[in-house]
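Chain and residue survey
One-letter residues, chain by chain:
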Amino acid sequence: MSLTDMPYPHAAENDVIVRVHAAGFTPGELDWPATWTDRAGRDRTPSVPGHELSGVVVELGYGTTGLSVGQRVFGLADWTRNGTLAEYTAVEARNLAPLPADIDHTVAAALPISGLTAWQGLFDHGRLTTGQTVLIHGAAGGVGSIAVQLAREAGARVIGTGRAADRDRVLGLGVDTFVELQTEKLEDVGEVDVVFDVIGGDILDRSAALVRAGGTLVTIVMPPKVQPRDGRAVFFVVEPDRARLADLATRLRDGRLKPLVGAVRPLAEAPAAFAPGRRVPGKTIIRVTED
């Protein structure tokens, strides 16, 4: 990966061009086939990674409605197009939501994938309701930390897992119980109504046995190999949702939701931020353009 000049993006029908102020990325996205090909499977290298952004609309494509030039926005870029680690990017207007003036771009860029994934995993797929118990793996991460906060507000009992160094951070988010996966036995948590997994592998397999009858195992990593005995198993990929993004922004403004922003790095350091094995608490944000 390297920093280089790319052509100014083209605004297709129902697109907007956004001047990116801050961008987020997923460390594993370089392994996704869609990072390197278009919707038809054709090569589109060199490609720009990153799928979360916060910035300002500078151009409208033909037929685009609902947004205006000069408007602050945040949201998701398409999986199969050039992404957000660039000064300008083309995004479908429906993938973006207005960003209130009092929310910093750096914070907003940490919200789209993590916030929508957490909401869809817990409520759309997990069907979590008040009084139920949810086990959230990776509770100190970008997705997990938001899932903890949303589940708490929904009135659920929350069990969070992570590393020993994450204990205080996760307890500070309000979990009822923290499980350190390297030294404590996962099976001791007992039965839960919902498992929300962001780890996969052996942890995902072992979690299936913890789902009580009628419950749901939800994962964003891979289709589960082990099914709950009397429950459901769901693997999903996050979907854009303008209305839900607007709701998450309202929660952010009200102080009911706080994304965990880790390192904030300039665009020139974006290649280093993808380094394998690099682990920073919270979500790394790339600052592209100063306000």
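Structure: see above.
Read on for a plain summary of the structure. (Residues numbered from 1 in each chain as written. Predicted model: local features only at pLDDT ≥ 70, side-chain atom pairs only at ≥ 80, totals over all residues. Heavy atoms only, no water.)

1. Brief notes about the overall build of the protein chain
Secondary structure summary: the protein chain contains 7 helices and 13 strands in total. A compact globule built from 291 residues should have a C-alpha radius of gyration of about 19 Å, and the protein chain, at 19 Å, falls within 12% of that. Judged by the C-alpha coordinates and their principal axes, the protein chain covers about 55 × 40 × 35 Å. Expressed as a percentage of its 291 residues, the buried residues of the protein chain come to 52%. Contacts spanning at least 24 positions in sequence make up 63% of the contacts within the protein chain whose residues lie at least 6 apart. (Helix = DSSP H or I, 4+ residues; strand = E, 2+ residues; numbered from the N terminus. Rg over C-alpha atoms; globule rule 2.2 N^0.38 Å. Buried < 20%, exposed > 50% of the residue type's maximum accessible area, 1.4 Å probe, protein only. Contact = heavy atoms within 4.5 Å.)

2. Brief notes about the pattern of salt bridges
Under the definition given, this model contains 21 salt bridges. Across the salt bridge formed by Asp-78 and Arg-39, the nearest N and O atoms sit 3.6 Å from each other. Here the residue Asp-78 occupies a position in the loop between β3 (72–76) and β4 (88–92), and Arg-39 occupies one in the loop between β1 (15–24) and β2 (52–60), the gap between them amounting to 39 residues. Residue Arg-39 is classed as exposed on the basis of its relative accessible area, which comes to 64%. The partner of Arg-167 in a salt bridge is Glu-184, and the shortest N-O contact between them spans 3.5 Å. In this pair, Arg-167 sits in helix α4 (residues 167–173) while Glu-184 sits in the loop between β8 (177–180) and β9 (192–197), placing the two residues 17 residues apart along the sequence. Classification of Arg-167 by relative accessible area gives partly exposed; the value is 29%. By sharing partners, the salt bridges in this structure join Asp-15, Arg-39, Asp-78, Arg-81, Glu-92 and Arg-94 into a single network. (Salt bridge = Lys/Arg side-chain N within 4 Å of Asp/Glu carboxyl O.)

3. Regarding the packing of aromatic side chains
Enumeration according to the criterion identifies 3 aromatic pairs in this entry. Ring geometry for Tyr-8 against Tyr-88: centres 5.3 Å apart, planes inclined by 55 degrees, an arrangement best described as tilted. Of this pair, Tyr-8 sits in the segment before β1 while Tyr-88 sits in strand β4; the two residues are 80 residues apart in sequence, bridging distant segments of the chain. For Tyr-8, a relative accessible area of 46% gives the class partly exposed. Directly above the ring of Trp-119 sits Arg-244, whose terminal nitrogen or CZ lies 3.7 Å from the centroid. (Phe/Tyr/Trp six-rings, centres within 6.5 Å; stacked < 30°, edge-to-face > 60°. Lys NZ or Arg CZ within 6 Å of the ring centre and 35° of its normal.)

4. Observations regarding the nonpolar core
Among the nonpolar cores identified, the biggest contains 42 residues, and Leu-122, Val-134 and Phe-196 are the most heavily contacted of them. Counting only elements with at least two residues in this core, the list comes to β3, α2 (112–125), β6 (133–136), α3 (142–153), α4, β9 and α6 (242–253). Dropping the residues within four chain positions of it, Leu-122 is found in contact with Arg-127, Leu-128, Val-134, Ala-147, Leu-150, Ala-151 and Phe-196. With 21 residues, the next largest nonpolar core counts Phe-25, Leu-53, Leu-67 and Leu-85 among its residues. (Core = buried A, V, L, I, M, F, W, Y, C linked by side-chain atoms within 4.5 Å.)

5. Some thoughts on the side chain of Asp-193
Tracing the chain through its elements places Asp-193 in strand β9. Judged by its relative accessible area of 14%, Asp-193 is buried. A polar side-chain atom of Asp-193 sits 2.8 Å from the main-chain amide nitrogen of Thr-133. When near neighbours in sequence (up to four residues on either side) are disregarded, Asp-193 contacts Gln-132, Thr-133, Val-211, Arg-212, Gly-215 and Thr-216. (Polar contact = N/O pair within 3.5 Å; in protein donor to acceptor, adjacent residues only side chain to side chain.)

6. Notes on the layout of surface pockets
What the largest pocket holds in volume is close to 1500 Å³. As for the largest pocket, its lining consists of 42 residues, and the residues nearest its centre are Thr-26, Pro-27, Val-143, Val-198 and Ile-220. Contributions of two or more residues to the lining of the largest pocket are made by α2, α3, β7 (157–162) and β13 (283–287). Tallied by class, residues from the lining of the largest pocket come to 22 nonpolar, 13 polar and 7 charged. Here the second largest pocket defines a volume of roughly 850 Å³. What lines the second largest pocket is a set of 32 residues, among which Thr-4, Met-6, Val-48, Leu-85 and Ala-86 lie closest to the centre. Of all the elements in the fold, those that place two or more residues in the lining of the second largest pocket are β4 and α7 (270–273). (1 Å grid on protein atoms, 1.4 Å probe; cavity = no way out; pocket = protein on both sides within 12 Å on 5 of 7 lines; lining within 4 Å. Points joined across faces, edges and corners; volume = space filled by probe spheres on them. Nonpolar A, V, L, I, M, F, W, Y, C, P; charged D, E, K, R; others polar.)

7. Observations concerning the sheet that holds β7
In space, the 6 strands of this open sheet follow the order β8-β7-β6-β9-β10-β11, with parallel pairing throughout. The sheet is open, and its two borders are formed by β8 and β11 (232–235), each paired with just one other strand. Sheet twist, expressed as the average angle between the axes of neighbouring strands with direction ignored, equals 15 degrees. Across 4 bridges, the pairing between β6 and β7 is parallel. In the strand pairing of β7, Val-134 is matched with Val-158. Against the sheet, α2 touches β6, β9, β10 (211–219) and β11, its axis set at about 150 degrees to β9. The strands touched by α3 are β6, β7 and β9; relative to β6, the strand with the most contacts, the crossing angle is about 170 degrees. (Pairing = 2+ DSSP bridges. Axes fitted to C-alpha atoms, helices over the stretch in contact; angles between N-to-C directions.)

8. Let's talk about the environment of Val-198
Within the secondary structure, Val-198 sits in the loop between β9 and α5 (201–207). The sequence separation of Val-198 and Gly-141 amounts to 57 residues, and the corresponding C-alpha distance is 9.0 Å. If near-sequence neighbours (up to four positions away) are discounted, Val-198 is found in contact with His-137, Gly-138, Val-143, Ile-220 and Val-221.

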